[in-house]
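Okay, here's what each chain looks like letter by letter:
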Amino acid sequence: MRTTGKGSSGLPTASSRLCTRSNREPRIRNCTAKAMFLRQESRAPVTSRTRRGLVYGGWRGSVRRVGAAGSSGRRENLYSSVAASLFSSNLPPTDSKVEGCGDVFPCVDPVQGLNKLILAPMVRVGTLPMRLLALDYGADIVYCEELIDLKMLQCKRVVNELLSTIDFVAPDDRVVFRTCAKEQNRVVFQMGTSDAERALAVARLVENDVAGIDVNMGCPKEYSTKTGCHYVAQAVLECNDPTALASLVLELQGGMGAALLSDPDKIEKILSTLVRGTRRPVTCKIRILPSLEDTLSLVKRIERTGIAAIAVHGRKREERPQHPVSCEVIKAIAETLSIPVIANGGSHDHIQQHSDIENFRQATAASSVMVARSAMWNPSIFLRDGLRPLEEVMQKYIRYAVQYDNHYTNTKYCLCQMLREQLESPQGRLLHAAQSSQEICEAFGLDTFYKEITQELDARRAELLTKTPEDVEEPAEDTSGVIKMAVKFDRRAYPPQITPKMCLLEWCRREKLAQPVYETVQRPVDRLFCSVVTVAEQKYQSTLWDKSKKLAEQTAAIVCLRSQGLLEGQLVEESPSLHKRKREAPDQDPALPGELRKKPFAALENGEESPLEGW
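Residues numbered from 1 in each chain as written. Predicted model: local features only at pLDDT ≥ 70, side-chain atom pairs only at ≥ 80, totals over all residues. Heavy atoms only, no water.

(A) Region of the structure containing the pattern of salt bridges. Within this structure, the stated rule accounts for 23 salt bridges. Between Asp349 and Arg315 there is a salt bridge, and its shortest N-O distance comes to 4.0 Å. Taken as a pair, Asp349 in the loop between strand S14 (341-344) and helix H14 (354-364) and Arg315 in the loop between strand S13 (309-313) and helix H13 (327-336) lie far apart in primary sequence, 34 residues in all. Judged by relative accessible area, Asp349 falls into the partly exposed class, the value being 38%. Residues participating in the shared-partner salt-bridge network are Asp136, Lys182 and Lys396. (Salt bridge = Lys/Arg side-chain N within 4 Å of Asp/Glu carboxyl O. Helix = DSSP H or I, 4+ residues; strand = E, 2+ residues; numbered from the N terminus. Buried < 20%, exposed > 50% of the residue type's maximum accessible area, 1.4 Å probe, protein only.)

(B) Spotlight on the packing of aromatic side chains. Per the counting criterion, the structure on display carries 4 aromatic pairs. For the ring pair Phe177 and Phe189, a centre distance of 5.2 Å and an interplane angle of 75 degrees mean the geometry is edge-to-face. Here Phe177 is found in strand S9 (residues 175-180), whereas its partner Phe189 is found in strand S10 (residues 187-192), with 12 residues between them in sequence. Assessed through its relative accessible area of 2%, Phe177 is described here as buried. Pairwise contacts between aromatic rings join Phe168, Phe177 and Phe189 into one cluster. Above the ring of Tyr137, the side-chain terminus of Lys396 is found at 4.8 Å from the ring centroid. (Phe/Tyr/Trp six-rings, centres within 6.5 Å; stacked < 30°, edge-to-face > 60°. Lys NZ or Arg CZ within 6 Å of the ring centre and 35° of its normal.)

(C) Seen up close, unusual backbone geometry. The backbone of Ser164 sits at a positive phi, close to 60 degrees, despite the residue not being glycine. The backbone of Ala365 sits at a positive phi, close to 60 degrees, despite the residue not being glycine. Summarising the element assignment, Ala365 is placed in the loop between H14 and strand S15 (368-371). Residue Ala365 is classed as buried on the basis of its relative accessible area, which comes to 5%.

(D) Quick peek at the environment of Leu430. Relative to the helices and strands, Leu430 is located in helix H18 (residues 426-433). C-alpha of Leu430 to C-alpha of Ala443: the two residues are 13 residues apart in sequence and 5.6 Å apart in space.

(E) How the structure looks around the packing of helix H7 (residues 196-206) against helix H11 (residues 264-277). Viewed as axis vectors pointing N to C, H7 and H11 meet at an angle of 35 degrees, and their least axial separation amounts to 9 Å. Classified by chirality, the crossing of H11 by H7 is right-handed. Counted together, Ala196, Glu197, Ala199, Leu200, Ala203 and Arg204 of H7 and Lys269, Ile270, Thr273, Leu274 and Gly277 of H11 form the full contact between these two elements. (Axes fitted to C-alpha atoms, helices over the stretch in contact; angles between N-to-C directions. Left-handed = near helix turned anticlockwise from the far one by under 90°. Contact = heavy atoms within 4.5 Å.)

(F) Just the confidence of the model for the protein, in detail. In this model, the protein carries an average pLDDT of 75, and 66% of its residues clear a pLDDT of 70 or more. Considering each helix and strand of the protein separately, the mean pLDDT is smallest for strand S3 (residues 102-103), with a value of 28, and largest for helix H5 (residues 128-136), with 98. Between residues 38-113, whose pLDDT stays under 50, and residues either more than four places distant or in other chains, the model counts 128 contacts. (pLDDT = per-residue confidence, 0-100.)

(G) Layout of the nonpolar core. In this structure, Met152, Phe189 and Ile310 are the most contacted members of the largest nonpolar core, which totals 112 residues. Sequence-distant contacts of Met152, defined by excluding residues within four places in its chain, comprise Leu147, Phe168, Val176, Phe177, Phe189, Val202, Leu205 and Val206. (Core = buried A, V, L, I, M, F, W, Y, C linked by side-chain atoms within 4.5 Å.)

In structure tokens:
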């Protein structure tokens, strides 16, 4: 690639009704899809050997793609097979343990149905490291953060052999969604959408890599209710298609997230389309409406679409975590519907430790509980044996973040949410100052671990390169005459707002030369980047590959500057013209070493309110 510039407490009765309704085709599909969230009251015993077979082979062996010409019977059998695989593959071998957790799954009262512990979808939190950590501590199902349909439709599915993951990569090379085999049977993909056809296209894009599909209908933040409009406008501008303006007008009238609650017809169309068109169980997450009557009317209509379960956040659209959660409304919904109801919104008032999860479930008569903020603060909330020390939890999170190449800014954000009132502690200050995954590891005493993982990945990368040399794209077809150096860009060696690219651009302007032109390529086998910069018809390039396009361009600029004997803006250099362009930072002490001169913590959140359990 080349780039430039629920069940309620009356569950037995509900269960007996569940499969007797045959007047609607979606109800048949719904009956089988509930296996992910609802336990069958009677079934043949499953031995340890049988479980192992289902876990390691049952899923893929039971799923086949059915073309449009397939009969409805084949589609029903396929859907039933997938649901059965979800149910069975969620049961690990009897001897499977999580360190410090005892059994992976808690004992289940068959009268109450399958009491699932679920990690809620949380923006900037529900990425792969947090989901894997929640599973380790006992969560049964994990939701990814809400991902916008139009953004996902721009993505390409990439098999990342280096990390053993499946990546959905945007045109700007940013990984929008990353998943792995460890969570494949447990992760639910949540999308933000306001259009049935787009929703179905996204579902079909990801359905082979996730356990279920969820539609966000409960987030009250502008991120969800208005972001769709931004992407539609962007799409119109990019395609330059005047006819798309009509669609844009409709989007401006609709929106996603909680905005959908005011349009039951659109909700029904989106969910019905997904249930008919995808092979995975479909769920949705809503907030309650101003009146109980309106809420019950809406959830009944949602149930008729054939979805497998519904998650209910017990607050109105305008309410925030400081407002009390309406357990009575969730209970009324659970007693009204025959599909599993997942209770959400209890972190602020109810859930402080593991036993509180069950208390919240009983108070709402729901079949399962979805936990957001309490799990964000300490994911070991899912652990029956009690909360683990925060230091231990954070170190385990960092290990996953490094192993799966999570961007350091996301890792830093999640760790800050865990530290909370300890942000001003010595360790909190070290985290605040960290500007890379390596520095985060050093702050938590994991520098040796970081070096080991880096060496393992380098060895794996070299192995892949030797196996697939024909797939490696070189920086340029003709490298004769290109000045090369083995250099890397280290952000810690430069003052804030000063970079080699800035220095090179300023020099070109001073010398009245054309602006530098960067040409960057990505190597498919490990998705690393290399850039060539052209200045005054001379090309410059680093022989070392970088993790991002931006870093590769900085290293190319360094090669050019050093070849010309020019200053590149490092802290040890003095350049009055450069420092005139530097922004004032009165809160920074000039005497501090470069690695401690960082932006204030407030910049981490970009002035935005974190949605989190507002979903």
